[in-house]
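Listed here are the chains, written in short residue letters.
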Amino acid sequence: MILEAALACRVAGLSVLPAHLAEKRPALSGWKPFQEHLPGKEQVCAWFKEAEAICIVTGKVSGNLEMMDFDNGGELFDRWAGAVKEQSPGLIDRLVIESSQSGGRHVAYRCRDAVCGNLKLAQRRLETPGGKQYVHRKDADGNQHVIQTLIETRGEGGLFLCAPSPGYKLLQGDFTHLPVLTPGERDVLLSAAWALNEYIPPPEPIPTGCASLARPGDDYSARGDVRAVLVKHGWTLAKPGENEYWRRPGKTNGWSATLKDRIFYVFSSNAAPFEPNKAYSPFAVYAHLEHNGDFAAAARALRAEGYGGDEPAVNLTGIVAVAEVAPPAEPTVPDPGQMPEDLLRVPGFVSEEMDYCLQTAPYPNTVMAFCGALALQAFLAGRKVRDPGDNRT
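On a predicted model such as this, the values are computed, not experimentally measured, just so you know.

Chemist: What exactly am I supposed to notice about the sheet that holds strand β1 (residues 15-20) here?
Modeler: The strands that make up a sheet pair up through hydrogen bonds in the backbone, lying either parallel or antiparallel. Judged by pairing direction, the sheet is antiparallel, and its four strands sit side by side in the order β2-β1-β3-β10 without closing on themselves. The sheet is open, and its two borders are formed by β2 (25-26) and β10 (159-162), each paired with just one other strand. Bridge count between β1 and β2: two bridges; the pairing is antiparallel. Considered in β2, the bridge of H20 is made with R25. Sitting on the sheet, helix α1 (residues 2-11) touches β1 and β3 (53-57), and the angle it makes with β3 is about 15°.

Chemist: Looking at this structure, I do not really get the layout of surface pockets. What am I missing?
Modeler: In this approach a probe as big as a water molecule rolls over the atoms, and the regions it shows empty are the leftover space. Taken as a whole, the second largest pocket spans an internal volume of roughly 360 Å³. Along its surface, the second largest pocket is lined by 22 residues, and P183, R186, D187, R248 and N270 are the ones closest to its centre. With six residues, the single largest contributor to the lining of the second largest pocket is helix α5 (residues 183-194). Residue composition of the lining of the second largest pocket, grouped by class: nine nonpolar, seven polar and six charged.

Chemist: Explain the packing of aromatic side chains to me, please; I cannot follow it from the model alone.
Modeler: Each aromatic ring pair is characterised by the separation of its centres together with the angle its planes make. Per the stated rule, a full pass over the model turns up 15 aromatic pairs. Plain terms: the ring middles of W194 and F267 are 5.2 Å apart, the flat faces sit at 10° to each other, and that makes the pair stacked. Taken as a pair, W194 in helix α5 and F267 in the loop between β16 (263-266) and β17 (278-280) lie far apart in primary sequence, 73 residues in all. Here W194 matches F267 in class, with each residue buried. Relative to W255, the ring of Y245 lies with its centre 4.5 Å away and its plane at 45°, an arrangement referred to as tilted. With Y245 in strand β14 (residues 244-247) and W255 in the loop between β14 and β15 (257-260), the pair connects residues that are ten residues apart, well separated along the chain. You'll find Y245 and W255 in the same group, each marked buried. Connected via pairs of aromatic rings, a cluster forms that spans W235, F264, F274 and Y280.

Chemist: Any chance you could explain the packing of helix α3 (residues 77-87) against α5 here in plain terms?
Modeler: A pair of packed helices is captured by two measures, namely the crossing angle of their axes and the spacing between those axes. At a minimum axis separation of 9 Å, α3 and α5 run at an interaxial angle of 135°. Relative to α5, α3 is oriented oblique. Note that α3 runs across α5; the crossing there is right-handed. Each of W80, A83, V84 and Q87 in α3 lies in contact with α5, whose residues at this interface are V188, L189, A192 and A193. Classifying every residue of the contact of α3 with α5 by side-chain character gives seven nonpolar, one polar and no charged.

Chemist: Whenever I open this one, helix α10 (residues 349-360) confuses me. Can you help?
Modeler: Structurally, the α-helix is built with 3.6 residues per turn, so residues lying three or four positions apart point the same way. Taking 1.5 Å per residue as the helical rise, α10 with its twelve residues ought to reach 16 Å, and the 17 Å between its terminal C-alpha atoms agrees with that figure. All buried positions along α10 are accounted for by V350, S351, M354, D355 and L358. On an axial view of α10, the arc spanned by its buried residues comes to 140°, and they lie on one face. Tucked inside the fold, the buried residues of α10 contact α11 (366-382).

Chemist: Please explain the sheet that holds β15 as it appears in this structure.
Modeler: Sheet architecture is open: five strands sit in the order β13-β14-β15-β16-β17, paired in antiparallel fashion. Two strands close off the open sheet at either side, each with one partner strand: β13 (236-239) and β17. Shown here is a sheet whose adjacent strand axes are inclined to one another by a mean of 30°, direction ignored. In the sheet, β13 pairs with β14 via three bridges, with the strands oriented antiparallel. Pairing of L237 across the sheet is with W246, part of β14.

Chemist: In this structure, what is going on with the packing of helix α8 (residues 282-291) against helix α9 (residues 295-304)? I would like to understand it.
Modeler: Running from N to C, α8 and α9 cross one another at 100°; their axes reach a closest spacing of 9 Å. Classified by the interaxial angle, the pair formed by α8 and α9 is roughly perpendicular. When α8 is examined against α9, the residues F283, A284, Y286, A287, H288 and H291 are found in contact with a partner set consisting of F295, A297, A298, A299, A301 and L302. In the contact of α8 with α9, the residues fall into ten nonpolar, two polar and no charged.

Chemist: In this structure, what is going on with the pairing of strand β9 (residues 144-154)? I would like to understand it.
Modeler: Within a regular strand, side chains alternate between the sheet's two faces. Of all eleven residues making up β9, ten are buried, and the element is well covered by its neighbours. In this sheet, β9 lies alongside strand β4 (residues 65-70) in antiparallel orientation, the contact comprising four bridges. Within β9, the residue paired with F70 across the bridge is I151. Bridge count for strand β7 (residues 120-126) against β9 is six bridges, and the pairing is antiparallel. Paired with K120 across the two strands is E152, which belongs to β9.

Chemist: Would you explain the state of the cysteines in this entry?
Modeler: Here a disulfide denotes one covalent bond, and it connects the sulfur atoms of two cysteines. In total, this model carries zero disulfides according to the counting rule given. Residue C55 stays outside any disulfide, its sulfur separated by 7.6 Å from that of C162, the closest cysteine. Considering cysteine sulfurs only, C116 is the nearest to C111, which forms no disulfide, with 9.1 Å between them. Owing to a relative accessible area of 6%, C111 belongs among the buried residues under this scheme.

How each quantity is defined
- Residues numbered from 1 in each chain as written.
- Predicted model: local features only at pLDDT ≥ 70, side-chain atom pairs only at ≥ 80, totals over all residues.
- Heavy atoms only, no water.
- Pairing = 2+ DSSP bridges.
- Helix = DSSP H or I, 4+ residues; strand = E, 2+ residues; numbered from the N terminus.
- Contact = heavy atoms within 4.5 Å.
- Axes fitted to C-alpha atoms, helices over the stretch in contact; angles between N-to-C directions.
- 1 Å grid on protein atoms, 1.4 Å probe; cavity = no way out; pocket = protein on both sides within 12 Å on 5 of 7 lines; lining within 4 Å.
- Points joined across faces, edges and corners; volume = space filled by probe spheres on them.
- Nonpolar A, V, L, I, M, F, W, Y, C, P; charged D, E, K, R; others polar.
- Phe/Tyr/Trp six-rings, centres within 6.5 Å; stacked < 30°, edge-to-face > 60°.
- Buried < 20%, exposed > 50% of the residue type's maximum accessible area, 1.4 Å probe, protein only.
- Parallel < 35°, antiparallel > 145°, perpendicular 65-115°, else oblique.
- Left-handed = near helix turned anticlockwise from the far one by under 90°.
- Expected span 1.5 Å × (residues − 1).
- Arc of directions from axis to C-beta.
- Disulfide = S-S within 2.5 Å.

Written as structure tokens, this is what we have:
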């Protein structure tokens, strides 16, 4: 049954892999290439002869496949489905829906346009965690808590286990006939989930080394008109209220961020210069939109407008004169930009450890996963390999 389903999914243009049911991960050591190209029929037949479960790789390789995962027993699924029906009658009936091992729900579809990476859509803060094991955190007051994710997506680079794996059951549709949604229809699904979010993280801090910016920045965060700055840069207030919903420039329906208690929380992955699943203070919003993220320039401009009070008098009598230092020469080699992620991939243990971290981390980060895997590799090697001076890796 698993083999027949895998072959049917492959014919439908889905990247299917055998999976470990208990660990919810591919039963292949080197599966990353199948994030970019489909496996062959012979490979599928060989893999699934004795496979216990099946998983599907999401994203471009599977025709812009995206899956919404409703966790905690599918607690928010009915509320989400009701909101979607109000905004777009009939859309729910076109989606592929299944129940998961834990009683949650998977909602799958393809998109006409490319999908982004995994997104956390609805979260909740728990003071006394139970059930699944979560990463414990400390707030500013030292109180322990965990962040529970209730709805998230599996997008570019992701994967998920599915029926007919044991514990999974199709409730509507099938994966060989996935609907293709327009960007507007996808926005309806995501916006309905974002509206159920209960947790807003603390806003991003002022960059290290910019403590002197706190006076005008904090003053602006307390009383500045951040709404006017958003409107000036093309943002639209989509829904007023205690928790305001804002729509990014270029979007005609749904919403992309919320503004509550003067914290601007961005959901959208297409709302540059803001990052998804991140909160911003009014000062950070001002700095990003008005000064391209230059906090120092933003603070100077705000001080000129009267924020932060007057500059304190500084006694320079005890400072010895210092010779002027010539400005650094312009670099002769252009900045190559961010390192391509494929260069962080070391086949074998390091890559496998990275995969594990990226699949289990509450906030996956490829660079951090690489550093952690490399450190673990060095630690393990250091227990076995050393020179006569006891120097280890």
